[in-house]
Amino acid sequence: MGELHRMYDEVPPPSPVVLAEGRARLTDLARDGGRRNPRPRRTRGLLAVGLAGVVTAAGAVAIAVQGSDGGGAREFRPVSAHEVLTRAAAVARLEPELHPRPDQYLYVRSVVAWGPGRTAPNKPRGQQTRERWVSVDGSRTGLLRAPCRRQPAKSCDTPIAVEDRSAPLPRPGSHLWLVRQLPGLLKRWKPQLDAPAPAATPGRDRPFGTWSWYGMSDFVQGYLPPGLRAQVFEFLSGVPRVKVDEHATDALGRPAIALTQNSGGARLELLFDRATYRYLGSRFLDLTPRPNGGDWTDEAESGAGEVKTTILQVKVADRLPSRS
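Residues numbered from 1 in each chain as written. Predicted model: local features only at pLDDT ≥ 70, side-chain atom pairs only at ≥ 80, totals over all residues. Heavy atoms only, no water.

Draft legend 1. Region of the structure containing the side chain of Glu269. By secondary structure assignment, the location of Glu269 is in strand 9 (residues 266–273). Looking at Glu269, the relative accessible area reads 7%, which means it is buried. For Glu269, the side chain forms a polar contact with the side chain of Thr260, separated by 3.5 Å. Leaving out residues up to four positions away in the same chain, Glu269 has contacts with Ala258, Leu259, Thr260, Gly281, Ser282 and Arg283. (Helix = DSSP H or I, 4+ residues; strand = E, 2+ residues; numbered from the N terminus. Buried < 20%, exposed > 50% of the residue type's maximum accessible area, 1.4 Å probe, protein only. Polar contact = N/O pair within 3.5 Å; in protein donor to acceptor, adjacent residues only side chain to side chain. Contact = heavy atoms within 4.5 Å.)

This is the structure:
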């Protein structure tokens, strides 16, 4: 023990990045029963994590405890939604910050996957890559680029219209508007967390008067400054009755932790990387019975609409691309 104390004194304290990585590895190993991930990992700072990070991680992640008989049997406590979101907030604060100007666009590239669903279980799983350009201050028409409905090998462009040109700039819902208004909204919504989450109509309601689990996902699907994205995750960490699925996958099939709530006849899952707790995207499941049918070449099958979205890239663009 004296040797360990001396080693601890000689090793400099680990950085927040190293601590986050160490805790993530410990959690990942605990859930996988100690099996090692074959992917190469960085090892710098592991000694410091072993000495300084274990104590802080052990009380908050999936903990190995001794069996009730005092023997060698070990069991693991599942990670909670609060723990996942607290770690996601810490990771978000380490992300690089963009500094878009009001006259620029935020570009988001994502993968969307769907199906197969209940009424057509033999249909293939659908998947496509989409690109979106959105005006930073809401003053300009944006653009959505996705495979064409009838010719998936070709890209088709759809304008993203300005909803209300009479509204002052930055317009409500735009990036600049969120940066200014969201911190105050989070404070206003916090007392509402003890009440049942209000129902939301997917694609219509925007949670500016009251918060909603569905609406909050809209904020993190695009770009938020690191500190503000962390505030959103910290806000959500206080939401009660959030279910955790540690064996979910994202739109690319990668392992993920899913945090789930039902609202308005639908289920929305926020997906986080199992190893790093970085936000990956979302999964939407329509729980409302619908008539059979639906165009499988273009959208999720309507009898059981299940759509996963994974964010691939976010950056700033000066202008819209040439129309395809």
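After that view of the structure, there is still more to cover.
Draft legend 2. Quick peek at the environment of Arg87. Take Arg87: it is sitting in helix 4 (residues 81–92). With relative accessibility at 13%, the residue Arg87 sits in the buried group.

Draft legend 3. Here's a closer look at the side chain of Arg145. Tracing the sequence through the fold places Arg145 in strand 5 (residues 142–147). In this structure the side chain of Arg145 is engaged in a polar contact, spanning 2.7 Å, whose partner is the side chain of Asp157. Within the local environment of Arg145, its side chain forms a polar contact with the backbone oxygen of Ser322, the two atoms lying 2.8 Å apart.

Draft legend 4. Representation of helix 5 (residues 175–189) in the model. With 15 residues, helix 5 extends 19 Å between its outermost C-alpha atoms, agreeing within 8% with the 21 Å of an ideal straight helix rising 1.5 Å per residue. When the local axis directions of helix 5 are compared, the greatest deviation, roughly 45 degrees, occurs at Gln181, which is followed within four positions by the proline Pro183. Where helix 5 is concerned, the buried positions are His175, Leu176, Trp177, Leu178, Leu182, Leu185, Leu186 and Trp189. Where the residues of helix 5 are buried, they touch strand 3 (105–114), helix 6 (213–221) and helix 7 (226–236). (Expected span 1.5 Å × (residues − 1). Bend = angle between axes of the 7 residues up to and from the residue.)

Draft legend 5. Summary view of the pattern of salt bridges. Applying the stated criterion to the full structure yields nine salt bridges. One salt bridge connects Arg145 with Asp157, and the closest N-O pair in it is separated by 2.7 Å. Placement of Arg145 in strand 5 and of Asp157 in strand 6 (residues 155–160) is noted, with a sequence separation of twelve residues between them. Asp157 carries the same exposure label as Arg145, and that label is buried. Here Arg283 makes a salt bridge to Glu269, at a shortest N to O gap of 2.8 Å. (Salt bridge = Lys/Arg side-chain N within 4 Å of Asp/Glu carboxyl O.)

Draft legend 6. Molecular detail of the pairing of strand 9. Counting buried residues in strand 9 gives seven out of eight residues, a clear majority hidden from the surface. Of the pairings in the sheet, the one linking strand 8 (residues 255–263) to strand 9 comprises eight bridges and is antiparallel in character. The residue of strand 9 that forms the bridge with Ile257 is Phe272. Once strand 8 ends, the chain turns through two residues before running back antiparallel as strand 9, passing Gly264 with a positive phi of about 60 degrees. (Pairing = 2+ DSSP bridges.)

Draft legend 7. Seen up close, the sheet that holds strand 6. Pairing within the open sheet is antiparallel, and its nine strands lie in the order 6-5-4-3-11-10-9-8-7. Here the strands that pair on one side only, and so sit at the sheet edges, are strand 6 and strand 7 (243–249). Taken over all neighbouring pairs, the strand axes of this sheet differ in orientation by 25 degrees on average, direction set aside. Looking at chain direction, strand 3 and strand 4 (residues 126–135) are connected through ten bridges and run antiparallel. Counterpart to Arg109 in the pairing with strand 4 is Glu131. In the packing of helix 4 onto the sheet, the strands contacted are strand 7, strand 8 and strand 9, and the crossing angle to strand 8 comes to about 115 degrees. (Axes fitted to C-alpha atoms, helices over the stretch in contact; angles between N-to-C directions.)

Draft legend 8. View of unusual backbone geometry. Here the amide bond leading from Leu169 into Pro170 is cis, since omega sits at -10 degrees, within 30 degrees of zero. Secondary-structure assignment places Pro170 in the loop between strand 6 and helix 5. Of note, Arg241 is a non-glycine position whose phi angle comes to about 60 degrees, a positive value. Positionally, Arg241 belongs in the loop between helix 7 and strand 7. The exposure class of Arg241 is exposed, given its relative accessible area of 60%. At Tyr277, a residue that is not glycine, the phi angle is positive and equals roughly 65 degrees. When you line up the elements, Tyr277 lands in the loop between strand 9 and strand 10 (279–286). The class of Tyr277 is buried, set by a relative accessible area of 2%.

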